[in-house]
Amino acid sequence: MKRQLSTTPLTRRSALGLGALGLGTLAACNVSTETGSGTGAENPEFGFEGIPDSGADLPTEDVTIGWMDSGDLKAMFLEPFFASYMDKHANITVDYQPSSWDTINEAIPVAVRNNSAPDVFARPASMPTQSAISEGWISPLDDVVPDFEEWKAGFPEGAFIPGVHVFDGLTYTWPMNSSKRFEYLQLTNTALLADAGYDPAARLGLDDLREVCRAVTENGDGDAYGLMIDGTRIAQVALMFAQMLGHSVINTGGFRGLDLRTGEYDLTAPEVIEAFELLLAIDADGSIFPGYISLDDATARSRFPQGVAGILLDGPWAIPAYQRDFPDFEFEVGQPPSADGGASAPYPFWEQGANDLYLFAGARHPEVIGDMFHYLGSAEGQANIIVAAQGNLSSVTPSANELAAQSTELDARAVAAVEVAGELMRLAPDPRLRNADNAEVILRHQPPSTTFADLGQAVFSGQGELRASLQQLEDESNRALDEAISAAQEAGANVSREDWVFANWDPSADFTAEQYQGA
């Protein structure tokens with residue numbers, strides 16, 4: 001039978017990009033915990049061979065399974081997994097289509113209407129999960145994944161969030177990877193920093209950042225600048241700097257600036273003003289890459305390894321891309337600047353999982369998908385995902401992370417990124433885990449028409465006054481949350497603004513399941 005693994009075959013460079021581990025090694029080994037349980041394995045081997053039977057009643061005739069997602073880090077583990085899965089099941093072909101988000105956003109709605117969608121797909125950005133359910137796009141997993149309740153119990157408490165994974169008591173997706181990924185790693189161009197007289201691996205203070213950017217710019221003489229950033233993320237970076245200064249707010253989506261200790265948005269705090277003013281000063285120095293306001297994050301990311309800037313603040317997904325596409329580019333991975341170059345305040349986040357995938361309601365062989373999900377969601381499967389991704393991903397399941405950490409094949413920069421996340425990120429309380437009805441609030445939440453990205457572009461292009469713009473967005477954000485709560489109440493949800501107040505939250509520590517009882 002013809003094997004159809006991917007419409008985007010690995011190039012030689014892509015294969016080599018798997019680093020010291022290599023595809024051959026991945027295919028030749030599997031996690032073995034026979035000498036211990038969980039993290040107690042001695043010298044565990046990793047890989048997707050030896051996928052255990054789940055008990056699924058799989059087809060015996062020749063079948064093809066369609067799977068479309070955004071590729072990138074996911075392709076690093078899905079391609080070897082599919083190869084091993086097809087080796088085990090010779091009658092099953094996987095048509096894996098790693099695609100751009102533009103393609104997913106355009107192709108999936110059309111394919112669903114034509115009943116020709118891939119069996120598994122990433123959800124288009126314009127289609128909320130609740131809408132995908134009500135429109136009949138996707139099916140729950142409860143009767144698809146073998147031994148579903150036992151499988152689900154293998155995840156930590158709180159991993160399945162109402163309104164994210166669970167709707168009306170049914171589970172439509174699952175946290176394939178952890179969202180504990182720090183999105184503002186300090187990536188430094190080793191040569192540019194060294195030529196300017198600075199240690200590229202050193203953690204900077206925020207005051208140092210301006211000096212370093214100025215020095216790199218002067219040394220670059222018009223060819224290189226201190227800081228690469230883009231107009232869509234500059235306000236997010238400013239808020240992250242404020243967090244490093246001790247402003248403990250959420251920095252995610254429509255909830256940027258929400259302080260869960262008070263349940264109020266706080267975008268006018270002194271730390272926020274200080275952070276914005278620092279970036280404005282760096283801009284006034286001429287130390288930011290020219291034209292950054294009109295750049296998007298993908299363009300800024302792609303320009304950075306071309307030697308045009310000394311520092312970029314970006315997520316771990318940039319690491320394998322640089323190693324694959326710019327193998328000669330030398331860069332360091334570290335924590336973003338803190339107040340004085342020492343320890344900084346923690347970065348609160350919501351663990352909502354990452355890389356969620358959905359089962360097409362018209363899938364012809366859902367039992368195959370259930371079989372695959374059963375393994376990929378197990379501790380062994382999760383550990384193999386981490387290793388296959390060279391450590392660029394982590395799991396919501398602690399035992400999987402601990403098992404994968406025993407691999408000697410993880411990429412050093414990826415490990416550094418994980419360490420940064422571990423040192424900075426702390427679980428914030430999630431109102432949905434206190435009261436599942438708050439999923440209705442988030443479903444009805446309509447962020448202000450002026451987004452945080454809009455604010456940043458206005459302020460840094462000189463079209464908006466900083467304090468007035470922040471105050472306006474803070475007021476509009478608080479009003480939007482009130483309106484969402486009112487709308488949820490009208491729909492029958494038992495919710496209030498008090499659900500969003502966690503007076504017992506200490507941002508320096510993870511918020512635990514037990515603390516919801518006393519919140």
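Here we summarise the structure given alongside this text. Quantities reported herein were computed from a predicted structural model and do not represent experimental measurements. (Residues numbered from 1 in each chain as written. Predicted model: local features only at pLDDT ≥ 70, side-chain atom pairs only at ≥ 80, totals over all residues. Heavy atoms only, no water.)

## Points about the overall build of the protein chain
The secondary structure content of the protein chain amounts to 21 helices and 15 strands. By the compact-globule yardstick of 24 Å for 519 residues, the protein chain fits well, its C-alpha radius of gyration being 23 Å. Principal axes of the C-alpha set define a box for the protein chain whose edges measure 65 × 60 × 45 Å. Looking at the protein chain as a whole, 55% of its 519 residues are labelled buried. Pairs at least 24 apart in sequence give 76% of the contacts found in the protein chain among residues at least 6 apart. If you sum the accessible surface of the protein chain, you get close to 20900 Å²; carbon and sulfur atoms cover 46% of it. (Helix = DSSP H or I, 4+ residues; strand = E, 2+ residues; numbered from the N terminus. Rg over C-alpha atoms; globule rule 2.2 N^0.38 Å. Buried < 20%, exposed > 50% of the residue type's maximum accessible area, 1.4 Å probe, protein only. Contact = heavy atoms within 4.5 Å. Areas by Shrake-Rupley, 256 points an atom, 1.4 Å probe, with all protein chains shown as cover.)

## Quick notes on the environment of L280
Secondary-structure assignment places L280 in helix α10 (residues 270–284). Considered as a pair, L280 and V459 are 179 residues apart in the sequence and their alpha carbons are 8.7 Å apart. Setting aside chain neighbours within four positions, we find L280 in contact with V459, F460 and L466.

## Topic: a negative patch on the surface
On the surface, D207, D208, E211, E274 and D340 cluster together to form a negatively charged patch. Counting residues per element, the negative patch draws most heavily on helix α8 (residues 206–220), which supplies three residues. Its place among the elements puts E274 in helix α10. Since its relative accessible area comes to 44%, E274 is described here as partly exposed. (Patch = residues over 30% accessible without salt bridge, like charges linked within 9 Å, V, L, I, M, F, W, Y side chains within 5 Å. Salt bridge = Lys/Arg side-chain N within 4 Å of Asp/Glu carboxyl O. Lys, Arg positive; Asp, Glu negative; His and termini not counted. Charge placed at Lys NZ, Arg CZ, Asp CG, Glu CD.)

## Things to note about the nonpolar core
Formed by 70 residues in total, the largest nonpolar core has its most connected members in F182, M228, M240, F241, F276, L279 and Y347. Counting residues per element, this core draws most heavily on helix α9 (residues 234–244), which supplies nine residues. When near neighbours in sequence (up to four residues on either side) are disregarded, M240 contacts F182, Y184, N251, L313, P336 and Y347. Membership of the second largest hydrophobic core comes to 61 residues, among which are I138, M176, F360 and L393. (Core = buried A, V, L, I, M, F, W, Y, C linked by side-chain atoms within 4.5 Å.)

## Some words on helix α4 (residues 101–113)
A rise of 1.5 Å per residue sets the reference length of α4, with its 13 residues, at 18 Å; its end C-alpha atoms lie 19 Å apart and thus fit the reference within 8%. At A107, α4 shows its largest kink, close to 25°, and the proline P109 lies no more than four residues downstream. Contacts made by the buried residues of α4 are with β1 (63–69), β3 (120–121) and β14 (358–360). Of the residues flanking the end of α4, it is N115, one or two places downstream, whose phi is positive at about 60°. (Expected span 1.5 Å × (residues − 1). Bend = angle between axes of the 7 residues up to and from the residue.)

## Things to note about α10
Given a rise of 1.5 Å per residue, 15 residues ought to cover 21 Å, and the 21 Å separating the end C-alpha atoms of α10 matches this to within 8%. Within α10 the residues assigned to the buried category are V272, I273, A275, F276, L278, L279, A281 and I282. Each element contacted by the buried residues of α10 is listed here: α8, β8 (225–228), α9, α19 (452–460) and α20 (466–490). Once α10 finishes, G286 follows within two positions and takes phi at roughly 80°, a positive value.

## Quick look at the pattern of salt bridges
Applying the stated rule across the entire model yields 13 salt bridges. D259 is the salt-bridge partner of R261, the closest N and O atoms lying 3.1 Å from each other. Accessibility expressed as a relative area gives 32% for R261, which makes it partly exposed. Given a relative accessible area of 7%, D259 falls into the buried group. E277 is the salt-bridge partner of R467, the closest N and O atoms lying 3.4 Å from each other. Here R467 is found in helix α20, whereas its partner E277 is found in helix α10, with 190 residues between them in sequence. By relative accessible area, which is 46% here, R467 ends up partly exposed. Taking the relative accessible area as the measure of exposure, E277 reaches 37% and is therefore partly exposed. The network of salt bridges with shared partners includes R210, R214 and D285.

## Side note on the packing of aromatic side chains
According to the stated counting rule, one finds 34 aromatic pairs in the structure shown. Pairing W67 with F373 gives two aromatic rings, centres 6.0 Å apart and planes at 90°, and the pair type is edge-to-face. Of this pair, W67 sits in strand β1 while F373 sits in helix α13 (residues 366–376), and the two are 306 residues apart along the sequence. Residues W67 and F373 agree in their burial class; the two are buried. Judged by centre distance (6.1 Å) and plane angle (90°), the ring pair of F502 and Y516 falls under edge-to-face. Taken together, the residues F502 in the loop between α20 and α21 (513–518) and Y516 in helix α21 connect sequence positions 14 residues apart. (Phe/Tyr/Trp six-rings, centres within 6.5 Å; stacked < 30°, edge-to-face > 60°.)

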